[in-house]
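Examination of the molecular architecture
Now for the letters of each chain:
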Amino acid sequence: MKEIKFAENLKRARKAASMSQESLAKKLGVDQRTVSAWENGVARPGYEMLAEICDIFDESFDSLLSE
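All values derive from a computational prediction rather than experimental measurement.

1. Some details on the confidence of the model for the protein chain
Per-residue pLDDT for the protein chain has a mean of 92; in total, 94% of the residues score no lower than 70. Here helix α5 (residues 61-65) stands out as the least confident element of the protein chain, with mean pLDDT 89; helix α2 (residues 21-28) is the most confident, with 98.

2. What to know about the environment of Glu 59
The topology assignment puts Glu 59 in the loop between α4 (47-57) and α5. Linking Glu 59 and Tyr 47, residues twelve residues apart in sequence, is a C-alpha distance of 14 Å. Sequence-distant contacts of Glu 59, defined by excluding residues within four places in its chain, comprise Arg 12, Ala 13, Cys 54 and Leu 64. Within the structure, the side chain of Glu 59 is placed 3.3 Å from the side chain of Arg 12, a separation counted as a polar contact. Of the polar contacts made by the side chain of Glu 59, one reaches the side chain of Ser 63; its length is 2.5 Å.

3. As for the side chain of Glu 39
Along the chain, Glu 39 turns up in helix α3 (residues 32-39). Residue contacts for Glu 39: discarding those within four places in its chain leaves Ala 7, Leu 10, Lys 11, Arg 14 and Gln 21.

4. Side note on the packing of α2 against α3
The N-to-C vectors of α2 and α3 enclose an angle of 110 degrees; their axes lie 8 Å apart at closest approach. Judged by the inter-axis angle, α2 sits roughly perpendicular to α3. Crossing angle aside, the handedness with which α2 passes α3 is right-handed. Contacts between α2 and α3 involve Gln 21, Glu 22, Leu 24, Ala 25 and Leu 28 from the first element and Gln 32, Val 35, Ser 36, Trp 38 and Glu 39 from the second. Looking at the contact of α2 with α3 residue by residue, the class counts come to five nonpolar, three polar and two charged.

5. What to know about unusual backbone geometry
Residues other than glycine seldom take positive phi values, yet Ser 18 does so here, at roughly 50 degrees. Along the chain, Ser 18 turns up in the loop between α1 (6-16) and α2. Owing to a relative accessible area of 69%, Ser 18 belongs among the exposed residues under this scheme. Positive phi values are uncommon outside glycine, yet Asp 58 reaches one of about 50 degrees.

Parameters at a glance
- Residues numbered from 1 in each chain as written.
- Predicted model: local features only at pLDDT ≥ 70, side-chain atom pairs only at ≥ 80, totals over all residues.
- Heavy atoms only, no water.
- pLDDT = per-residue confidence, 0-100.
- Helix = DSSP H or I, 4+ residues; strand = E, 2+ residues; numbered from the N terminus.
- Contact = heavy atoms within 4.5 Å.
- Polar contact = N/O pair within 3.5 Å; in protein donor to acceptor, adjacent residues only side chain to side chain.
- Axes fitted to C-alpha atoms, helices over the stretch in contact; angles between N-to-C directions.
- Parallel < 35°, antiparallel > 145°, perpendicular 65-115°, else oblique.
- Left-handed = near helix turned anticlockwise from the far one by under 90°.
- Nonpolar A, V, L, I, M, F, W, Y, C, P; charged D, E, K, R; others polar.
- Buried < 20%, exposed > 50% of the residue type's maximum accessible area, 1.4 Å probe, protein only.

Written out as structure tokens, the structure reads:
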């Protein structure tokens with residue numbers, strides 16, 4: 001089974017957009033600690049939040065959830 005690298009892909013997309021965890025958190029209406037947890041692989045966003053993240057970074061689900 002392939003490992004999903006969401007945490008790494010989210011961090012890559014955020015940094016490519018020159019965005020801080022705090023600014024992403026504000027756009028999504030969550031706490032900065034939530035974004036940090038996602039990027040550290042401690043938690044994952046739900047489907048609706050993932051869709052918002054894809055919109056913000058103009059990324060597909062596949063690109064954020066791929067290995």
